[in-house]
Amino acid sequence: QVQLVESGGGLVQAGGSLRLSCAASGVMFSRYAMAWFRQAPGKEREFLAVINYLGSNTNYASSVKGRFTISRDNGKNALYLQMDSLTVEDTAVYYCNAVSWSGHDRNAQPLGSWGQGTQVTVSS
């Protein structure tokens, strides 16, 4: 079973940037599509971005497309999310997970347990 540890969150002013990391343990990391999700208090967890197992295909939620970039380094069992032009609406706990993904749409279904997430707070 893949275990996930998110990091890199923090407090940033609107318009700023953060780079989140997801460290994944397990022998099958490179065989899974991976995705980022976020959840704000009182709201549903929402999909943000997905990347296939090779890192050659990606897709994004419309709310973050053009601002966020997902990437991975299979040699390091790591997933990343570069977040630019942050707004207060981006404030949430951010999670990564392995997902089932067709490779061409925004339907990424989580496969594993959720980690602790990393808090991102954007101030105005």
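Residues numbered from 1 in each chain as written. Predicted model: local features only at pLDDT ≥ 70, side-chain atom pairs only at ≥ 80, totals over all residues. Heavy atoms only, no water.

**Q** Tell me about the sheet that holds strand 1 (residues 3-7), and name the residues and values.
**A** Taken in spatial order, the 4 strands make up an open sheet running 1-3-8-7, and their pairing is antiparallel. The open sheet has two edge strands with one neighbour each: strand 1 and strand 7 (68-73). Along the sheet, successive strands turn relative to each other by an average axial angle of 15 degrees, direction set aside. Here strand 7 runs beside strand 8 (residues 78-83); their pairing, made up of 6 bridges, is antiparallel. (Pairing = 2+ DSSP bridges. Helix = DSSP H or I, 4+ residues; strand = E, 2+ residues; numbered from the N terminus. Axes fitted to C-alpha atoms, helices over the stretch in contact; angles between N-to-C directions.)

**Q** Could you give an account of the packing of aromatic side chains, with specific residues and numbers?
**A** Across all of its chains, the model carries 3 aromatic pairs by this definition. When the ring of phenylalanine 37 is compared with that of tryptophan 114, the centres are 5.1 Å apart and the planes differ by 85 degrees; the resulting orientation is edge-to-face. Here phenylalanine 37, found in strand 4 (residues 33-39), pairs with tryptophan 114, found in the loop between strand 10 (109-110) and strand 11 (118-123); they are 77 residues apart in sequence, far enough to count as distant. Look at phenylalanine 37 and you get buried, because its relative accessible area is 5%. On the accessibility criterion, tryptophan 114 (32% relative accessible area) is partly exposed. Measuring from ring centre to ring centre gives 5.8 Å for tyrosine 95 and tryptophan 114, while their planes differ by 70 degrees; the resulting arrangement is edge-to-face. A residue pair is termed long-range when its members are at least 10 positions apart, and tyrosine 95 in strand 9 (residues 92-100) and tryptophan 114 in the loop between strand 10 and strand 11 qualify at 19 residues. Following the ring pairs from residue to residue traces out a cluster consisting of Phe37, Phe47, Tyr95 and Trp114. Here the guanidinium or amino end of arginine 45 rests over the ring plane of tyrosine 95, the centre of that ring lying 4.6 Å away. When the ring centre of tryptophan 114 is taken as reference, the NZ or CZ atom of arginine 45 above it lies at 3.8 Å. (Phe/Tyr/Trp six-rings, centres within 6.5 Å; stacked < 30°, edge-to-face > 60°. Buried < 20%, exposed > 50% of the residue type's maximum accessible area, 1.4 Å probe, protein only. Lys NZ or Arg CZ within 6 Å of the ring centre and 35° of its normal.)

**Q** Describe the state of the cysteines, with residues and values.
**A** By definition, a disulfide links the sulfur atoms of two cysteine residues through a covalent bond. In this structure the tally under the stated criterion is 1 disulfide. Here cysteine 22 connects covalently by a disulfide to cysteine 96, the sulfurs 1.9 Å from one another. Looking along the S-S bond of the cysteine 22-cysteine 96 disulfide, the torsion reads about 65 degrees, which is the right-handed sense. In this pair, cysteine 22 sits in strand 3 (residues 18-25) while cysteine 96 sits in strand 9, placing the two residues 74 residues apart along the sequence. Accessibility classification places cysteine 22 together with cysteine 96 in one group, the buried group. (Disulfide = S-S within 2.5 Å.)

**Q** Requested: an account of the side chain of asparagine 52, with residues and values cited.
**A** Tracing the backbone through its elements, the reader meets asparagine 52 in the loop between strand 5 (46-51) and strand 6 (58-60). There is a polar contact of 2.8 Å between the side chain of asparagine 52 and the backbone nitrogen of serine 56. Among the polar contacts listed, one links the side chain of asparagine 52 to the backbone nitrogen of asparagine 57, at a separation of 3.0 Å. The residues contacting asparagine 52, other than those within four sequence positions of it, are Tyr32, Ala33, Asn57, Arg72 and Trp101. (Polar contact = N/O pair within 3.5 Å; in protein donor to acceptor, adjacent residues only side chain to side chain. Contact = heavy atoms within 4.5 Å.)

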